[in-house]
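Here is how the chains run, residue by residue.
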Amino acid sequence: MSQEARYQKLKEIVSIYLPEDVSVNDITLKSHFLDELNINSANLVDIVLDVEDEFDILLENDDMDGMKTVEDALKIIDAKLTKS
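Residues numbered from 1 in each chain as written. Predicted model: local features only at pLDDT ≥ 70, side-chain atom pairs only at ≥ 80, totals over all residues. Heavy atoms only, no water.

Draft legend 1. Spotlight on the side chain of Thr69. With respect to the secondary-structure elements, Thr69 resides in the loop between α3 (61–66) and α4 (70–83). By relative accessible area, Thr69 is classed as buried at 14%. Excluding its chain neighbours within four sequence positions, the residues that come into contact with Thr69 are Leu29, Lys30, Ser31, His32 and Phe33. (Helix = DSSP H or I, 4+ residues; strand = E, 2+ residues; numbered from the N terminus. Buried < 20%, exposed > 50% of the residue type's maximum accessible area, 1.4 Å probe, protein only. Contact = heavy atoms within 4.5 Å.)

Quick look at the structure:
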């Protein structure tokens with residue numbers, strides 16, 4: 001799966017949890033989950049679980065702590081997929 005395909009899949013996952021006042025078009029690599037996309041911490045956990053299922057990876061607590069932006073999430077996904 002290409003980097004772009006992973007990015008699009010991550011956007012699809014995140015879009016489910018966006019509040020009504022945020023559009024999927026607002027998601028960029030630099031988007032901060034909590035500050036810019038207004039995703040609450042409970043939904044961020046759901047995103048992590050969905051990412052694990054979608055990419056067949058296991059995210060540790062350190063990984064979740066490091067997932068501040070969409071780009072952070074992609075880097076973590078890439079690192080986990082490279083290790084598999």
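Draft legend 2. Structural detail: the packing of helix α1 (residues 3–15) against α4. Two numbers describe how α1 lies on α4: the axes approach to 11 Å, and their chain directions differ by 125°. One way to sum up the angle between α1 and α4 is to call them oblique. By crossing handedness, the relation of α1 to α4 is classed as right-handed. For the pair formed by α1 and α4, the contact residues are Gln3, Arg6, Tyr7 and Leu10 on the first element and Val70, Ala73, Leu74, Ile77, Asp78 and Leu81 on the second. When grouped by side-chain class, the residues that make up the contact of α1 with α4 number seven nonpolar, one polar and two charged. (Axes fitted to C-alpha atoms, helices over the stretch in contact; angles between N-to-C directions. Parallel < 35°, antiparallel > 145°, perpendicular 65-115°, else oblique. Left-handed = near helix turned anticlockwise from the far one by under 90°. Nonpolar A, V, L, I, M, F, W, Y, C, P; charged D, E, K, R; others polar.)

Draft legend 3. The arrangement of the packing of α1 against helix α2 (residues 41–55) in detail. Closest axis-to-axis distance for the α1/α2 pair is 10 Å, and the angle between their directions is 140°. By the angle between their directions, the pair α1 and α2 is classed as oblique. α2 is crossed by α1, and the crossing has right-handed handedness. Contacts from Arg6, Lys9, Leu10, Ile13 and Val14 of α1 reach α2 at Ile47, Asp50, Val51, Glu54 and Phe55.

Draft legend 4. Spotlight on the environment of Asn40. Looking at the element boundaries, Asn40 is found in the loop between α1 and α2. Taking C-alpha positions, Asn40 is 24 Å from Lys80, a pair spaced 40 residues apart along the chain. Within the structure, the side chain of Asn40 is placed 2.7 Å from the backbone nitrogen of Asn43, a separation counted as a polar contact. (Polar contact = N/O pair within 3.5 Å; in protein donor to acceptor, adjacent residues only side chain to side chain.)

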